[in-house]
Amino acid sequence: MSGLADLVVLPWVVAVPLAGAVLAFVLRRHASTVGQAVALASAVTGLALAFQVATAGAQRHAVGGWGAPLGIDLYADGLSALMVAMTSIVGLGVSVYGASYFVGTQGAAEHQRAYFWPLWLLLWTALNALFVTADVFNAYVTLELLGLSAVALVALAATPAALTGAMRYLLVGLLGSLLYLLGVGLLYAAAATLDVQQLAAAPLPAGAGAVAIGVITAGLVLKTALFPFHFWLPPAHASAPAPVSAVLSALVVKASFYLLMRFWFYVAPELALAAISQLLGLLGAVAVVWGGLRALTAERLKLVVAYSTVAQIGYLFLVFPLALGQADGFTGWGGAVLLVLAHATAKAAMFLSVGAILKAAAHDGVSGIDGTAQALPVTLFAFALAGVSLIGLPPTGGFVAKWLLLNAALATGQWWWALVLIAGSLLAAAYTFRVLAHAFTRLPGDPPPCRCARGLEWSALSLAVAALVLGFVASEVLELLRVGAPVTGPVLLERVR
Amino acid sequence: MSAVVAYGLAGAGLVAVGLYALVVHEHLLRKILAINVVGNGVFLVIVAAAQRGPGVPDPVPHAMVLTGIVVAVSATALALALAVRVRDATGQPRLAVPADGTAEPSAGRPDGAAR
C-alpha cells in the first residue's frame with residue numbers, strides 16, 4: 001500500500017516546529033498567529049509519525065544520507081512515537097491556552113507574548129529531536145536546547161521568584177547535562193560508537209561501561225528531579241507562567257526520563273544489577289511519599305501541583321525494579337510508559353486550570369480560591385478530572401497505568417512496591433480533594449460573573465478528557481509500544497499464579 | 001605516568017574542584033564560573049580519551065568537545081544575563097529567597113557590587 005507508509009515523516013517532526021520558531025521570532029507582531037498555525041502543523045506531523053510507526057513498524061532516517069556511525073540518524077520505534085504523540089497532544093492544548101493567556105498589547109504583556117511563541121516552539125523542537133534521535137551525543141545537544149529554552153520560558157514571568165527559580169533551574173540543568181556529556185565521552189571511549197542501536201547490539205565492557213552509564217544516570221536523575229534532587233523543580237515550575245508550568249511538568253521532565261529508559265533498557269541492560277534497580281525504585285518510592293506530603297501541606301496552589309509532579313515522577317522510577325531484567329517485563333514497562341502519558345495530559349490540564357483559576361482568584365494561596373467553582377465551573381471540572389487520573393481512579397489512563405504497575409509488582413513477587421502505589425494514590429486523593437474542598441466552598445451572595453476566556457477553560461478540559469480517553473485506548477497504546485520494545489511478555493491484567 | 005593519564009586525571013580534578021565551588025559559593029558569578037570549570041574538566045577528559053594507542057587520535061571526541069564548547073558559551077551567556085536580572089530584581093546576586101517566594105528588593109547591596 002502506498003500513501004502514508006512511503007512518506008518520510010521522521011525529519012519533519014523536528015523541522016516543522018524549528019521553522020515555526022524562527023518564523024515566530026522574525027514575525028514578532030504576528031507571533032501568536034504564526035505560533036498557533038505551526039503548533040497545529042507540528043501536532044499533525046507528530047501524530048502522523050505515531051500512526052506510521054503503528055502501521056508500518058519502526059522508522060529510521062539517515063539525515064543527509066550519511067548514515068551511522070559517521071552521520072546522525074533519526075530513529076522512531078513505539079516508545080519514541082508515543083513520546084512524540086504525547087508532545088503533540090499536550091503541545092496543541094498548551095498552544096490554544098497560550099493564545100488566550102498572553103493577551104494585551106503593551107509593556108510586559110506584549111513582551112511575554114512576543115517571546116513565548118518562538119521559545120515554546122524551540123522547546124517543542126528540542127523535545128521531538130530528543131525523542132527521535134538515534135545518537136547519544138545528539139541527545140546531549142537536544143538536552144541543552146531543551147534546558148536553555150525552558151529556562152528562558154520560566155524567566156518570562158519576570159518576577160523575583162521566577163528569575164531566581166529560573167537561575168537555579170539553569171545551574172542544575174547545566175550540571176546535569178555536563179555529567180551526561182562526561183558519561184557519553186566515557187561511553188564512546190569504551191564502545192567506539194554513539195549510535196543507540198549499535199551500542200545495544202554489543203555488550204559494553206564491564207568496568208568502563210559501568211562508570212559511563214553511572215555518570216549518565218547521575219546527570220539524568222538530576223535533570224528528572226528524582227528525590228533527593230527535586231529541590232529545584234517546585235520553585236521553577238510554580239513561578240513560571242501557567243502554560244510554561246504545564247509544559248515543564250508534563251513534557252520536559254519526561255525527556256530526561258526517556259533517556260534513562262533508553263540507556264538502561266536498550267544500551268546497557270546487562271549492567272543492571274538488582275541493587276541498582278531497587279535503589280532507583282526506593283528513591284522513587286521516597287519521592288512518592290515526600291512529594292505527596294509536601295503537596296498536602298503546601299500553602300500556594302501552584303506549589304501543590306508542582307509537588308504533585310515530584311510524587312508522580314517517583315512512580316515512573318518503579319519501572320526499574322518492575323521491568324529491568326525481569327522475565328515478562330512488559331507489564332511493568334507498559335504501566336510506566338502509560339503513566340508517563342497519563343501524567344503528561346493530566347498534569348498539563350491541572351496546571352492550565354490552576355492558571356485560569358488564579359486569574360480569577362483573590363490570591364494564590366489554596367484558601368484564596370474559595371468559591372471559584374461558582375465562577376469557573378468548566379475549569380474546576382477539568383481540575384477534578386485531571387485529579388481523578390492522577391489519583392488513579394477508573395476508567396482514566398492513570399488507573400490503567402497504576403493497575404499494570406500493581407500487577408507487575410505482584411507478579412514479580414515485589415509486594416512492597418504495591419504498598420508504595422497505594423500510599424501514593426491516597427496522598428494524591430488527599431491533596432486533590434483539599435483543593436476541591438476550597439473551590440467548592442460557597443461564598444455568600446451571587447456567583448461572580450465568569451471573567452475567564454473560553455480558550456483557557458476548554459483547552460484545560462480537553463487535556464483532562466485526553467487523560468480519561470487514554471484509559472479506553474490503552475490496549476492500542478500498548479500495541480504501539482511493542483514496536484521495538486526491549487522487554488517481552490503478555491500484559492498481565494490480573495495476577496497470575 | 002603517560003601524558004594521556006595525566007590529562008585525564010587533571011580533567012577529573014577540574015570536575016571535582018568545579019563541583020565543590022558550585023556548592024559552597026553563594027555569589028552567582030562564582031557559581032557560573034564553577035560550572036565552566038566543570039565543563040572544561042569534562043572536555044579535558046573527553047579529549048584525553050581520544051588518544052587510544054599510538055598514532056593519530058580519534059577525531060570524533062574532538063568534534064564532540066567543539067560542539068560542547070559552543071553550547072557552553074551560549075549557556076554561559078544566558079546564565080550571565082539571567083544573573084544580572086536576578087540581581088536587579090532581588091537586589092542581591094544570590095539564590096536566597098524568603099520561604100514564601102516573595103522577595104523584597106532590598107535597598108542596600110550587601111555584596112557591594114556596582115551597577
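The structure presented is a predicted model; accordingly, all values stated were derived computationally and were not measured.

Draft legend 1. Structural detail: the overall build of chain B. For chain B, the helix and strand inventory stands at three helices and zero strands. When the helices and strands of chain B are listed from N to C terminus, the series reads α-α-α. In chain B, which comprises 115 residues, the proportion classed as buried is 35%. Within chain B, counting contacts between residues at least 6 apart in sequence, those at least 24 apart form 45% of the total.

Draft legend 2. Expanded view of the interface of chain A and chain B. Opposite the 25 residues of chain A that make contact, chain B presents 31 residues. Contributing elements (two or more residues each) for the side of chain A that touches chain B: helix H5 (136-155) and helix H6 (160-191) of chain A. The element best represented in the side of chain A that touches chain B is H6(A), accounting for 17 residues. Looking at the side of chain A that touches chain B residue by residue, the classes come out as 20 nonpolar, three polar and two charged.

Draft legend 3. Representation of the confidence of the model for chain B in the model. All names here are of chain B. With 82% of its residues at a pLDDT of 70 or more, chain B has an overall mean of 83. For chain B, per-element mean pLDDT is lowest for helix H1 (residues 3-24), which scores 93, and highest for helix H2 (residues 28-49), which scores 95. Within the model, pLDDT remains below 50 along residues 98-115, and this stretch shows 22 contacts once partners closer than five positions in the same chain are excluded. This complex was scored by the predictor with a pTM of 0.92 and an ipTM of 0.89.

Draft legend 4. Quick peek at the nonpolar core. Residues and elements named next belong to chain A. Membership of the largest hydrophobic core comes to 245 residues, with the highest contact counts inside it found for Leu82, Leu123, Val154, Ala166, Ala349 and Ala464. Counting residues per element, this core draws most heavily on H6, which supplies 23 residues. Beyond its immediate chain neighbours, meaning those up to four positions away, Val154 contacts Ala162, Gly165, Ala166, Tyr169, Ala236, Ser239, Ala240 and Val244.

Draft legend 5. View of helix H3 (residues 78-101) of chain A. Between its first and last C-alpha atoms H3(A) spans 34 Å; for 24 residues at 1.5 Å apiece the expected length is 34 Å, and the two agree. Counting buried positions over the 24 residues of H3(A) gives 23, a clear majority of the element.

What counts, and at which threshold
Residues numbered from 1 in each chain as written. Chains lettered and ligands numbered in written order. Predicted model: local features only at pLDDT ≥ 70, side-chain atom pairs only at ≥ 80, totals over all residues. Helix = DSSP H or I, 4+ residues; strand = E, 2+ residues; numbered from the N terminus. Buried ≥ 20, exposed ≤ 12 C-beta atoms within 10 Å, placed from the backbone. Contact = placed C-beta atoms within 7 Å. Nonpolar A, V, L, I, M, F, W, Y, C, P; charged D, E, K, R; others polar. pLDDT = per-residue confidence, 0-100. Core = buried A, V, L, I, M, F, W, Y, C linked by C-beta atoms within 7 Å. Expected span 1.5 Å × (residues − 1).

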